[in-house]
Each structure stands twice: as structure tokens, then as C-alpha cells.
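Structure at a glance
Residues per chain are reported as follows:
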Amino acid sequence: MTGNAASASARKSLAGVDGCKAGWIAVRQDPGGFPTVGIYPGFGDLLAALPPDAIVAVDMPIGLPEVSGKGGRGPEALVRPLLGERQSSVFAIPSRAAVYADTAPFSTIEAWYEAHRRASAVAATTSDPPRSVSIQAFGIFAKIREIDGLLTARPELRTRVFESHPEVAFWRLNDGRAMSLPKKIKGAVNPAGMEERRALLARHGYEHTFLDQMPPKGAAADDFLDAAVMLLIAGRIARGEAVSYPNPPFVDGRGLSVAIHV
């Protein structure tokens, strides 16, 4: 990043994080330094690699309801209208019971679909109005549980680890305008949409050479850009500039904050 972007949040280490095939991809910036990117197999591994006061913004739901309402937990319904054509990127997160309905690893695709059906059955009984679990949401259940377990066991992390969302973050950094192009089309990366996001990140301090690099093995190009924008949100949080949806955040049954910060 440029000197201005770095100096604005120079007091603490920052990390922007996204889930990826290999675990977690993090774009990190330490005080006075330049951003770096790395892969961590577990969220706990990432936290262990950071200073104890580092601020982390992660693209992953934090805080789970006992009963999921219309559109999800609450934050999802608040941010969707901001995104226009990009609002499908914000999918509903069901109840804690549904997220924990099946925690075993999947050895076959048939087992995966069966677990999805079981989670959907639990979700239908713990949502109002009743609804099943989307494939997109089910695909990140293991990572939701990973963060949920850590923040439940280690309450001190709750003032350092914050939920955000890349498309809402891009909306915020683009002066309240959603990205005009999709990041993916039918599951494949859309080069024009990626370039639109790189250009915005560059306007907020990233060097083009950093943004143009290949992502680390085990992460996709869109994972990398999502982690990069999460770092900018971590800076906003550290400087007291971030806004939460809702404001103030909800609190779930385990005392975890339920809000999207940008």
C-alpha cells in the first residue's frame, strides 16, 4: 500500500481474511509495513501468527441465532438492498442447530448431499418462516463452526475478530455504489469484474503489483481480492470508522456479536 494507507492504521497489525480451499487466505499489514499474503490451514493458526492485539476482518458469518428470521440472521436483510444486482452474494445463514446438524467429514458426494438434507430439515424447524439451507451457505458451515468455536472458547477474541462481507465492503469503499460487474458468472471468474475490484483497491492504497500477483496455492483469485478488501475494513475498524449492520449489533445466545462491519 501507499504510505498514506499504511500510516492511517499504523498502530496495530491488521488482517483481512477469507475462506479458501486450503483453509484461510489472509492479507496482513503490520505497523509501518507493506501488505503480505499467506495461507493458513486453520483460523486458530492464523490468529497464532498475529500479534495479540491485531484486528481481523473476516468474510465469514459470526454469531448464530436460535431461530433464523426472514432473510437470515438479520444483518443479511439489512445489507442486501444496498447491493442492487450484487445482492445475491449475501445468502441467508440459518440457526446454530442447523449449522451444527452434521459435523462429520464427507467422504463422498452422496454423503455431502445427505448432510445438506439433514441440515435443511433442522433449518426448516428453526426458522420463521420455515426455509431450507442454500447450497452456498451449507458449503461454509465447517468454517462457520471453526470461528464460532474459537470465539466461544476465547471471549477475548470478540473485540478483535469482526465479520464483514466483500461486496458490502466494495460498496462502502466505492462511495455507497455497488460494483457494476459480477465477480463470477456461472461459477467462473469474470475478468472484467475482477479488474473493476482491483481498480477500486488500488484507489484505496494497494500497489498494482501486489494486486496482480498470483494468489497462493490453495486460494482462488477472487479469494485473494476478497481478503485484500477485508484488510481495508480491518483498518476502518481499527480507526473507528466502520459502520455495523445492524447498529448496534445483535448478540447471540453465546454472547457473540451478530453484525456485518464495513
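Turning next to a nonpolar patch on the surface. A grouping of Ile109, Tyr113 and Ile135 is seen on the molecular surface, where their side chains present a nonpolar patch of about 280 Å² in accessible area. Position of isoleucine 135 relative to the elements: it lies in helix H6 (residues 135–139). Note on isoleucine 135: relative accessible area 40%, which makes it partly exposed.

This paragraph deals with the side chain of arginine 80. For arginine 80, the position within the fold is in the loop between helix H3 (75–79) and helix H4 (96–99). No salt bridge forms around the buried arginine 80; measuring N to O, its nearest opposite-charge neighbour glutamate 76 is 5.6 Å away. Polar contacts involving the side chain of arginine 80 include one to the main-chain carbonyl oxygen of glycine 71, which spans 3.0 Å. Within polar-contact distance, the side chain of arginine 80 engages the backbone oxygen of valine 90 at 2.8 Å. If we ignore the near neighbours within four places in the chain, the residues touching arginine 80 are Gly71, Gln87, Val90, Phe91 and Ala92.

Before going further, it helps to spend a moment on the pairing of strand S4 (residues 55–59). Of all 5 residues that make up S4, 5 are buried, and the element is covered over most of its length. Neither face of S4 is open: one carries Ile55, Ala57 and Asp59, the other Val56 and Val58, and all of them are buried. Pairing of strand S1 (residues 14–20) with S4 involves 5 bridges; the strand directions are parallel. Considered in S4, the bridge of aspartate 18 is made with aspartate 59.

With 13 residues, helix H9 (residues 191–203) extends 18 Å between its outermost C-alpha atoms, agreeing within 8% with the 18 Å of an ideal straight helix rising 1.5 Å per residue. All of the buried residues along H9 are Gly193, Met194, Arg197, Arg198, Leu200, Leu201 and Ala202. Its buried side turned inward, H9 meets helix H8 (166–173), strand S7 (188–189), helix H10 (208–211) and helix H11 (221–238). Taken from the residues just after H9, glycine 205 is the one with a positive phi, measuring 115 degrees.

What follows is about the confidence of the model for the chain. Averaged over all residues, the pLDDT of the chain equals 94, while 96% of them reach at least 70. Here residues 2–8 scores under 50 on pLDDT; set against residues more than four positions off or in separate chains, the count is 7 contacts.

The next subject is the pairing of strand S9 (residues 257–261). Counting buried positions along S9 gives 4 out of 5 residues, so the element sits mostly inside the fold. In this structure, strand S8 (residues 244–251) lies alongside S9, joined through 4 bridges in antiparallel fashion. The partner of serine 244 across the bridge, within S9, is histidine 261. Hairpin remark: S8 followed by S9, antiparallel, with 5 residues in the connecting loop; positive phi at glycine 255, about 85 degrees.

Calculation rules
Residues numbered from 1 in each chain as written. Predicted model: local features only at pLDDT ≥ 70, side-chain atom pairs only at ≥ 80, totals over all residues. Heavy atoms only, no water. Patch = residues over 30% accessible without salt bridge, like charges linked within 9 Å, V, L, I, M, F, W, Y side chains within 5 Å. Areas by Shrake-Rupley, 256 points an atom, 1.4 Å probe, with all protein chains shown as cover. Salt bridge = Lys/Arg side-chain N within 4 Å of Asp/Glu carboxyl O. Helix = DSSP H or I, 4+ residues; strand = E, 2+ residues; numbered from the N terminus. Buried < 20%, exposed > 50% of the residue type's maximum accessible area, 1.4 Å probe, protein only. Lys, Arg positive; Asp, Glu negative; His and termini not counted. Polar contact = N/O pair within 3.5 Å; in protein donor to acceptor, adjacent residues only side chain to side chain. Contact = heavy atoms within 4.5 Å. Pairing = 2+ DSSP bridges. Expected span 1.5 Å × (residues − 1). pLDDT = per-residue confidence, 0-100.

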